[in-house]
Amino acid sequence: MTWFRCPETRPWASMRLFCLPHAGGSAVFYRSWAKEASPAVEVQSVQYPGRADRMADAFVTDAHQLARLIAGAMAPLMDRPAALFGHSMGAVLAYEVARLLEERGTAPVHVFASGARPPDDRGDERIRDKDDDGLVAELARLGGTDAELLADPELRELVLPYVRNDFTLVEEYAHRPGPPLTAPVTAIIGDADPHVDEEQARGWARATRGRFALRVLPGGHFYLADQRPAVLAEVLRTLEVPAV
């Protein structure tokens, strides 16, 4: 099973945008981006193992290992400039993937870190230790999953194992010292995100020796669901590709 889902293959696109989902998320989160992005950009969404059409694949429990697997799977797709966009857990993974790509001489042109504290300031949240009801309550608080759907015991049985795995993965992540990225970084957050505030988001500047920018949009942790046009406009403007 391949690591990427590409709703619209664009052989003539000048750039690829690799999108990494949040904890408990899947590639479908970015499906509409492929339709709405510029024709000059091909959107490739990462499908983590253990969910959706990869339900039978074993979980990856270590963020560094997951980043290595993603970076390795990207190799055949690095025949044109590539940017990374990661939301929440996906932002940390995007950073680690970018580090690996730079080590291998195929640096991304830009890293977008959405809804996340920087890699060296992860905080001490322990969502993974909550019972099932507590985990569902946390998902409802963040706004990423319809809590009413998770009242269904069968759905819980399918979804909560990979949600808990993802929270474990990101909460056990430890930043390893090393040179900052050469790729520029843009951090994007919602102004009412309970997970990361503006001051914390500015810490992403430490992750790069290139340009850094911070964008604050209206909304909570999943601001990008409501602000998708604004987020895509920011991405396209930053990448200097035409919107149409």
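This text goes with the structure placed above it.
Trainee: So, the overall build of the protein chain: which residues are in play, and what are the values?
Mentor: Within the protein chain, the secondary structure is distributed over eight helices and seven strands. What you see for the protein chain is a C-alpha radius of gyration of 17 Å, in line with the 18 Å of a compact globule of 244 residues. Once the C-alpha set of the protein chain is aligned to its principal axes, its extents read approximately 45 × 35 × 35 Å. Taking all 244 residues of the protein chain together, 54% fall into the buried category. For the protein chain, the share of sequence-separated contacts (at least 6 apart) that also reach a separation of at least 24 residues comes to 81%. When the accessible surface of the protein chain is totalled, it reaches about 10800 Å², and 52% of it is carbon and sulfur.

Trainee: Describe in detail the nonpolar core, supporting the description with residues and values.
Mentor: Counting residues in hydrophobic clusters, the biggest one holds 79 residues, and the most contacted among them are Trp-33, Ile-70, Met-74, Leu-84, Phe-85 and Trp-204. Considering each element in turn, this core owes the most residues, ten residues, to helix H3 (residues 89-103). Once you skip the residues sitting within four places of it in the chain, Phe-85 turns out to touch Leu-17, Phe-18, Cys-19, Leu-20, Tyr-30, Trp-33, Phe-112, Ser-114, Ile-188, Leu-224, Val-231 and Val-235.

Trainee: Please give an account of H3 that cites residues and values.
Mentor: Taking 1.5 Å of rise per residue, the 15 residues of H3 would be expected to cover 21 Å, and the 22 Å separating its terminal C-alpha atoms lies within 8% of that figure. For H3, a buried count of 14 out of 15 residues is recorded, marking the element as mostly surrounded by other parts of the structure. Gly-105 sits one or two positions beyond H3 and adopts a positive phi of about 80°.

Scoring rules and cut-offs
- Residues numbered from 1 in each chain as written.
- Predicted model: local features only at pLDDT ≥ 70, side-chain atom pairs only at ≥ 80, totals over all residues.
- Heavy atoms only, no water.
- Helix = DSSP H or I, 4+ residues; strand = E, 2+ residues; numbered from the N terminus.
- Rg over C-alpha atoms; globule rule 2.2 N^0.38 Å.
- Buried < 20%, exposed > 50% of the residue type's maximum accessible area, 1.4 Å probe, protein only.
- Contact = heavy atoms within 4.5 Å.
- Areas by Shrake-Rupley, 256 points an atom, 1.4 Å probe, with all protein chains shown as cover.
- Core = buried A, V, L, I, M, F, W, Y, C linked by side-chain atoms within 4.5 Å.
- Expected span 1.5 Å × (residues − 1).

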